[in-house]
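# Report on the structure
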Amino acid sequence: MRKFMVYLVMAALLLCSLSVPALAEEKAEGWNNVNAEGYVFPDYTGETLSIMWWGSNTRAEMTEKVIHLWEEHTGAKVEFEWYDGGTYWTQFQAKMAAGTLTDVFQMGNNWLTYYNTIEPLNEYIDEGIIDTTAIGPAMIATTVNQANGDVTGMSNGTNARCFAYNPAIFDKAGVEYPTATWTWEDFAEAGRAIFAETGKPAITTLEYNSLAYSVFTQWKEGYNFYSMDGTAFAFDGDTEPLAYLFDLLTTLQQEGVIADYGIQNEIGSNIEADWIAYGDSAMIMLSSNQFQALSKVAAENGITLELATIPRVSEDGQSGMVVRSSQQMSMWNGSEKKEMAANFINYFINSVEANKILNCERGVSINSDVLAALKENADEVTGKVYTIIDLIGSFADAANTSPAEPAANEEISDVLKKTYFQGLAEGKFESAEEAAELFWAEAQEIWAKFEN
Amino acid sequence: MQATKRKSVCSVGSFLNNDNTVGYLFALPFILSFTLLTLVPMALSLYYSFCTYTIGSSPSWVGIGNFFSLAHDATFGNSILVTLQYVVIGVPLKLVFALLIAMLLTKPTRAQGFYRAVYYIPSLIGGSVAVALVWKQLFGSRGPIVGLIQGLGAQGFNFFGSTTWAFLPLVLCNAWQFGSSMLIFASGLKQIPKDYYEASEIDGANIFRRFFSITLPCLSPIILFNLIMQLISGFMTFTQAQVITDGGPNYATNYIALNIFKEGFSYQHMGYACAQSWVMLLLMAGITGLIFKTSSHWTYYEN
């Protein structure tokens, strides 16, 4: 009996030693490149994969087409669901609590909040299942947790917050167009001149929290609202930049140059409803990937829009702008089909065929092959998006990837806007300085709630 | 042996045919769903209200810490105030509206049924997001109503941009859904004996006198019922504020339910949100209790 056991162990060892070289055999780099000629898709006949995302109708139509293509290629069945940006997170949390998240989900820069649901993709990238041969390290870095190197997802594309403007109204008011280094003073001057000319608010949408974060970066080299790893504030408790912005924007709003909060809230995230698309305002702030949808509506009203940078504190100072991941495809760590999910992400991010359909609506593709193919026959509007992203990417301080949004950010940014910006407009604070100091105190209190 | 068997069969049979058994059996679907969907979540939320809890992690006990923080929370205090404003202005407005239309529709005409149905429609669809969106357009900065007001000379006026006026469209949207109160009032009006009116007419009472001396007192139990129901739904108002104003500007329409939702789902303080809902429950119970207590002074029951 004992002898038999020895044989058995030896046989097992032999088998192991035989299979080691097979395991260790390196697959050729780029073996899972879906754009390669003669690429054979894995066969997932009879299997299902689930996916969820947020976005507009347009996005849903495009995404469904891509999903059907992948289903045809692999024989898999994909169950998908999508919501608007607000509902998405409620649904996400309900599924998270019930342990029924989808295998693949769209994730924002708030991934730190949902970190314990996310499967790091490092292993899949190392094995080459998610092919990164055409994706630069800087692009992968946009979705990396700087604290530990985890790849939290693959970016669906990059975007940057910037301004859109209507040159026709600038001409009418006799104001110069924004330049790449225009300042907040130029911004105020242009706004006032346009308001005097049209009698309507010149600016209808501003993202208050991200503007504030930008001004911190512009204020002094080394300042940032949050540190890059999202574990601390990074502006030495200096409330001066915020007071500067509070004062500037509140004054302009009280003069009527910037639309009141009611109008801004009415427009909300529905960019297609913005006054600028109907010729009733001259400037708005937006994310570059929203420009296509906005331009489509504007074109119907005979309006051509252009893109500009965010104004700076001083012409030769920092830009405060950043090219960041717009959103990403992440994998649920509770998924039972991780390899299949990785293959889907690989196709979604890297396939030229798929991205021709998706057309950078989620952001400018991070895959250089895809981008080259898309740029080749880009329409005029999409061309403007590529140009502004290239411009912002060329600013020295924009080389930083976007900081991770700490879990406290949702509350801090909401309070910044509703309690302080809106409270200052209502005269609830003595001065912009007081509002800035009180905000800083409350921001730290909120931060502390998330520490324990 | 056989006797005991028969007896036991008999007892099983009588158990099955027992009125209580049958009653519970028929009520079982309700009891189950009530327990699973109402009782258990309520018990859980009571537990969470004493914890720090984020969805996806395990709750940690903090005692009355949440309630202690609530006492110092200016945003929550403000949300109670604006909710009270909404309820105090909105509920009477809705009831007056409902009573007025119900009285107009008591005259038996052929079109009565049609009109009642038409006025009931807003109650069926009123709570929906679609109606809130319509309301947003109607009262919005580019809508016809603001256009009219601006045309009258109020340059730059905008309901949703004003902390003073933002609540008004929301209250009106609620008052517009008077259908169910109207139907209850209508059936109440039918119960008032005709001879009261005939007698008062002979005595020379005018229409106002008849309304205040006969209709209102006879209707008071119905008014009590409608008041309580509308108060409760008023306190729970959510959809319109979320869709139309998002609680703004500067928290002017940040009603309790909306505040709870934000704390729980946006800010990730689920325990704190649960504590807020329990405070809201106690507040509602207190006010309802107060109304019941005082109702004996102002409701009139015949016989």
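Residues numbered from 1 in each chain as written. Chains lettered and ligands numbered in written order. Predicted model: local features only at pLDDT ≥ 70, side-chain atom pairs only at ≥ 80, totals over all residues. Heavy atoms only, no water.

Residues and elements named next belong to chain A. Tracing the backbone shows Thr205 in strand S7 (residues 203-205). Accessibility expressed as a relative area gives 12% for Thr205, which makes it buried. Of note is the side chain of Thr205, whose polar atom sits 2.5 Å from the side chain of Asp274. Apart from the residues within four sequence positions on either side, Thr205 is in contact with Gln264, Ile267, Asp274, Met283, Ile284 and Met285. (Helix = DSSP H or I, 4+ residues; strand = E, 2+ residues; numbered from the N terminus. Buried < 20%, exposed > 50% of the residue type's maximum accessible area, 1.4 Å probe, protein only. Polar contact = N/O pair within 3.5 Å; in protein donor to acceptor, adjacent residues only side chain to side chain. Contact = heavy atoms within 4.5 Å.)

With that settled, consider the packing of helix H13 (residues 256-266) of chain B against helix H14 (residues 270-298) of chain B. Residue and element names in this part refer to chain B. Running from N to C, H13 and H14 cross one another at 160°; their axes reach a closest spacing of 7 Å. One element, H13, and the other, H14, form an angle in the roughly antiparallel class. When you trace H13 past H14, the crossing you get is left-handed. Across from Ile256, Ala257, Asn259, Ile260, Glu263, Gly264 and Phe265 in H13, the residues of H14 making contact are Met270, Tyr272, Ala273, Gln276, Ser277, Met280 and Leu283. (Axes fitted to C-alpha atoms, helices over the stretch in contact; angles between N-to-C directions. Parallel < 35°, antiparallel > 145°, perpendicular 65-115°, else oblique. Left-handed = near helix turned anticlockwise from the far one by under 90°.)

The next point concerns the domain arrangement of chain B. By the assigned domains, chain B splits into domain 1 (2-48) and domain 2 (72-298). Its C-alpha centre places domain 1 of chain B at a distance of 40 Å from the equivalent point of domain 2 of chain B. (Domains from an automatic or database assignment.)

The next thing to look at is the environment of B:Tyr86. Residue and element names in this part refer to chain B. With respect to the element layout, Tyr86 can be found in helix H4 (residues 74-104). You can call Tyr86 buried: its relative accessible area is 1%. Taking the C-alpha atoms as reference points, Tyr86 and Leu170, 84 residues apart in sequence, are found 8.3 Å from one another. Discounting residues that sit within four places of it in the chain, Tyr86 has contacts with Val91, Leu170, Val171, Asn174, Gly234, Thr237, Gln240 and Tyr255. Side-chain polar atoms of Tyr86 contact the side chain of Thr237, separated by 3.4 Å.

Aromatic ring pairs are defined here through the distance separating the ring centres and the angle between the ring planes. All told, the structure shown has 59 aromatic pairs over all chains when counted by the stated rule. Consider the rings of A:Phe233 and A:Trp440, whose centres lie 5.0 Å apart with planes at 85°: the pair is edge-to-face. Residue A:Phe233 is located in strand S9 (residues 233-234), and its partner A:Trp440 is located in helix H17 (residues 432-451); the two are separated by 207 residues in the primary sequence. Stacked on the ring of A:Tyr386, the Lys or Arg A:Lys375 has its end atom at 5.5 Å from the ring centre. One Lys or Arg, A:Lys449, reaches over the ring of B:Tyr272 and ends 5.9 Å from the middle of that ring. (Phe/Tyr/Trp six-rings, centres within 6.5 Å; stacked < 30°, edge-to-face > 60°. Lys NZ or Arg CZ within 6 Å of the ring centre and 35° of its normal.)

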